[in-house]
Amino acid sequence: MDSLKKKEYVLPLIPLRELVTFPSTIIPILVGREKSINSLKYSIDKYDHFIFLSVQKNQLSEIPSPEEIHQIGVIARIEKSAEQNNGSFRVVIQGLERGRIDQFIEKDDHYLVKVSVLDQIVPKERNLYALSKNIVAVFEEYINLKKIKLHGIISKLHANEISEIADIIASVINLGLKQRQSLLEELDVYKRGLKIFNILKKEIYKLKTSGETEFKKNREDIQDNDIEEYKRKLKNANLPDYVKKRADEELERLSMMPPYSAESTVSRYYLDWIISIPWQRIKTENNDIKKASIILDEDHYGLFKVKERILDYLAVRQLVKKASGEILCFVGPPGVGKSSLSKSIARALNRAFVRISLGGVKDEAEIRGHRRTYIGSYPGQIVKGLKKAKYINPVFLLDEVDKLSSDFRGDPASALMEVLDPDQNSEFVDHYLDLEIDLSQVFFITTANTEEPIPPALKDRMEVIEIPGYTEREKLHIAKGFLIKKQAEKNGLNPDNIVIKDEILLKIINDYTREAGVRNLEREIAIVMRKIARHFVESKQENKETRKFMLEETNLKKFLGVQKFIRLKRLSENEVGVATGLAWTVSGGDILIIESRFLRGKGDLILTGRLGEIMKESSSAAFSYAKLKLFEMDMDTEELEGYNIHLHIPEGAVPKEGPSAGVPLSVSIISLLTGIPVESDYAMTGEITLRGKVLPVGGIKEKIIAAHRYGIKHIIIPIENEKDVAEDIPLDIKEEIKIHLVEDMDEVLDIVLEKPIKIKNINSKVIKPFFNSKIQ
């Protein structure tokens, strides 16, 4: 839309309050309502900065209906737009032409209207030139009496036609809303000019008779009305005494200020914030433990530790009536439900829910607010969250606390220490308000992907609850109980008529996703549901209740394409120098196939497979332990000096890290050196020492489930990890596998090697057993 050459346009609409715009004028406006902000953004992005402005009839309406908006308005162009600190936009607009709304186009997030450009009526029989000269003359007299500095506009008025003259003056002089709208709707330029001329003459007469006294009195009346309104609001706000005292002092200062001064605006903004904070407003929380348990189970599968913690809190609340602020930190990989679980907790407790994201926050003032000495200062996110919640005891989610950073503007993590310390947050002070706010009744929840980036002093103030990735079986339950129903209904399908067998769901989980959570799984299920919906439409099965579909493996490949992830294959036979390890990843547990071979060289250990520093150290420790083991048995190891041992872990594109592969690395090397094959149906994990001791490791649950998924029946873990098996492993998996608890490598070697390590079982020359048949 380069210019207004057409007679009809479809444009975004911004309804105005207490303001009528005119063509030929440039004025600033403040856009703060959500739908209006969206209309502004649509105008800039999709409508070449063109927009339609019209005043609403009901000035109090936050979301005016089409009947509450005047049909006649102005087609305008956005010249400049700047976002303010509070989220509103200050916009400079240029009025272009009068327009009429012919139709409101239904949109949920913004206003969109079809408008017609209105032609002006220019009567040829009237002396428009003489009228325009008279209007300019009386306007000049008017601004002299009002002592307004608008003389620069007079020269511009002389150069314009009467239509522009009338519109410019109408936008400048003090008129009521109805008068302005009447002038905007007047299409006859002579009548409009005559109205402006008569208005100016009346104003000049009033000024000459009453002088400035009346004008000052009006300003004082406005100020008095505002003061009375603030007094009424403060009385109804149920403020603590110390807050009421500060508000009264600020109100007294406001009463002595000129009503339109910059200082009075700052003072009003401060009072508005004091009134909007729910200082003592408490929402009655749910104390029914059974009801809370049902709500938590409805929203999330599993996560028993977290649910138990919330139910424990409710039980304590029934015994100890005094509220105490709870501060939990959910740590886990993306997509496991940390944020959604926080919402569920708020629903179970019947509390308001507020979320703020801390990712990338560098400015301390985002937490504590800006001091009032700065222009454009405002409170921090904590106070803003309380205002949004409308209660002093919400569930307050501080998302991505591990992604805080700091620079010259301060350290927001340090500012959070006061917020998250139960001994201090009852007297939290926001810099803008400079008043103590009691946060002790707020249920704070923070989330993080990893614990390491969180400062120790901040972590010490929180109860850390780890939310590990979901197992394959847990994902299956979540898909069957939540995701399929959700996506089927979202895509217009009846979930009862969509049949997806467990083996098909497991194929989606294992072949098309690799994650700890279920976000990508939900995306893949959504794709399937859209394909099914398309199938129903193309086959003209329109009855939602009768149409049925069973997802087969052939459909799966057609809907989702070839599989995205290919898993390692477990060992099918016993081999020399090859052992199966277990690994933990952010997407769950997995197996590692560890291979070792001899190469001619100088007795070095060669490592490949993209191993991290810790894993390289584990490999060196395993190599040293293996040689020490042979020395211990008085075996001849001189030949080793002429050969390198190449140790490789396949899937070289995948980085591997951690100490838990020490056991399988040692087994692989010792098997190679002794020539004794490793049992293929064993998988193992554990850190080792040079003395052969097996130390505990993490991720036992995920590792055991991964081994079970690959069909491995025997699993070797450190004896100190026995507690993890007792607490975390599903009973049905325990029944199908055998877990071997070990203290040292001698026990491991006795279990996994085909035959014991004895001199009679191997050649004293350690290279020969393997080398005679394998070396190239």
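Residues numbered from 1 in each chain as written. Predicted model: local features only at pLDDT ≥ 70, side-chain atom pairs only at ≥ 80, totals over all residues. Heavy atoms only, no water.

(A) Spatial organisation of the overall build of the protein. Of the regular secondary structure elements, the protein holds 27 helices and 24 strands. The burial tally for the protein puts 49% of its 776 residues in the buried class. Restricting to contacts in the protein with at least 6 residues of sequence separation, those with at least 24 account for 75%. When the accessible surface of the protein is split by element, carbon and sulfur atoms take 49% of a total near 39000 Å². (Helix = DSSP H or I, 4+ residues; strand = E, 2+ residues; numbered from the N terminus. Buried < 20%, exposed > 50% of the residue type's maximum accessible area, 1.4 Å probe, protein only. Contact = heavy atoms within 4.5 Å. Areas by Shrake-Rupley, 256 points an atom, 1.4 Å probe, with all protein chains shown as cover.)

(B) Main features of unusual backbone geometry. Residues other than glycine seldom take positive phi values, yet N238 does so here, at roughly 55 degrees. You can see N238 is positioned in the loop between α7 (213-236) and α8 (241-255). Of note in this structure, N350 is not a glycine but carries a positive phi near 60 degrees. Note on placement: N350 falls in the loop between α12 (338-349) and β8 (353-357). Among the residues examined, N350 registers a relative accessible area of 35% and is labelled partly exposed.

(C) The arrangement of helix α14 (residues 381-389) in detail. Of the residues making up α14, those classed as buried are I382, V383, G385, L386 and A389. End-on view of α14: buried residues confined to an arc of 155 degrees, all on one side of the axis. One or two positions beyond α14, positive phi appears at K390, with a value near 70 degrees. (Arc of directions from axis to C-beta.)

(D) Geometry of empty space enclosed by the protein. Enumeration according to the criterion identifies one cavity of 30 Å³ or more in this entry. In this structure, the largest cavity occupies an estimated 30 Å³ of space. Around the largest cavity sit L16, L19, V20, T21, L53, S54, V55, I72, G73, V74, Q181 and L184, which together line it. Looking at the lining of the largest cavity, the elements with two or more residues in it are β3 (50-55), β4 (72-83) and α5 (177-185). Per-class residue counts for the lining of the largest cavity are eight nonpolar, four polar and no charged. (1 Å grid on protein atoms, 1.4 Å probe; cavity = no way out; pocket = protein on both sides within 12 Å on 5 of 7 lines; lining within 4 Å. Points joined across faces, edges and corners; volume = space filled by probe spheres on them. Nonpolar A, V, L, I, M, F, W, Y, C, P; charged D, E, K, R; others polar.)

(E) A look at the sheet that holds strand β7 (residues 327-331). Read across the open sheet, the five strands follow the order β8-β9-β12-β7-β13; overall the sheet is parallel. One side of each edge strand has no neighbouring strand; the edge strands of this open sheet are β8 and β13 (463-466). Adjacent strand axes in the sheet meet at a mean angle of 20 degrees when their direction is disregarded. For β7 and β13, the ladder comprises four bridges, and the chain directions are parallel. Within β13, the position partnered with L328 by the bridge is E463. Lying over the sheet, α12 contacts β7, β8, β9 (395-399) and β12 (443-448), oriented at roughly 175 degrees with respect to β9. (Pairing = 2+ DSSP bridges. Axes fitted to C-alpha atoms, helices over the stretch in contact; angles between N-to-C directions.)

(F) Layout of a negative patch on the surface. Together, E34, E106, D108 and D109 make up a region of like negative charge exposed at the surface. In this fold, E34 is placed in helix α1 (residues 34-46). Classification of E34 by relative accessible area gives exposed; the value is 63%. (Patch = residues over 30% accessible without salt bridge, like charges linked within 9 Å, V, L, I, M, F, W, Y side chains within 5 Å. Salt bridge = Lys/Arg side-chain N within 4 Å of Asp/Glu carboxyl O. Lys, Arg positive; Asp, Glu negative; His and termini not counted. Charge placed at Lys NZ, Arg CZ, Asp CG, Glu CD.)

(G) Inspection of the pattern of salt bridges at higher detail. Scanning the model with the defined rule gives 35 salt bridges in all. The shortest N-O distance in the salt bridge between K403 and E400 comes to 2.9 Å. On the basis of relative accessibility, which here comes to 23%, the residue E400 falls in the partly exposed class. Here D511 ties to K507 by a salt bridge, and the two come within 2.9 Å at their closest N and O atoms. Placement of the pair is D511 and K507 together in helix α18 (residues 502-511), with a separation of four residues, close to one helical turn. For D511, a relative accessible area of 11% corresponds to the buried category.

(H) Focus on helix α19 (residues 519-538). Between its first and last C-alpha atoms α19 spans 29 Å; for 20 residues at 1.5 Å apiece the expected length is 28 Å, and the two agree. In this structure, the buried residues of α19 make contact with α17 (472-490), β14 (498-500), α18, β15 (549-551) and α20 (553-560). Looking one or two residues beyond α19, the residue adopting positive phi is K540, at roughly 60 degrees. (Expected span 1.5 Å × (residues − 1).)

(I) Structural detail: a nonpolar patch on the surface. A grouping of V316, L319 and V320 is seen on the molecular surface, where their side chains present a nonpolar patch of about 310 Å² in accessible area. With a relative accessible area of 47%, V316 lands in the partly exposed category.

(J) A look at the packing of aromatic side chains. Summed over all chains, the structure comprises eight aromatic pairs. Residues F396 and F444 carry aromatic rings whose centres are separated by 5.6 Å and whose planes lie at 35 degrees to one another, so their mutual orientation is tilted. Linking F396 in strand β9 with F444 in strand β12, this pair joins segments that are 48 residues apart in sequence. Judged by its relative accessible area of 1%, F444 falls in the buried class. Here F536 and F549 contribute two aromatic rings whose centre-to-centre distance is 6.4 Å and whose plane-to-plane angle is 90 degrees, an arrangement assigned as edge-to-face. Within this pair, whereas F536 is found in helix α19, its partner F549 is found in strand β15, the two being separated by 13 residues in sequence. (Phe/Tyr/Trp six-rings, centres within 6.5 Å; stacked < 30°, edge-to-face > 60°.)

(K) Structural context of the layout of surface pockets. Space inside the second largest pocket adds up to approximately 1300 Å³. R17, G32, R33, N86 and S88 are, among the 28 residues lining the second largest pocket, the residues nearest its centre. Listing elements by their share of the lining of the second largest pocket, those giving two or more residues are β1 (8-16), β2 (26-31), α1, α9 (262-276) and α14. The greatest single-element share of the lining of the second largest pocket, amounting to six residues, is contributed by α9. Here the lining of the second largest pocket is built from residues that sort into 10 nonpolar, nine polar and nine charged.

(L) Region of interest: the pairing of β1. Summarising burial for β1: seven of the nine residues are buried, a large majority. In terms of strand pairing, β1 meets β3 through four bridges, oriented parallel. Looking across to β3, one finds that L16 is bridged to V55.

Function-wise, these values are silent; they only describe arrangement.
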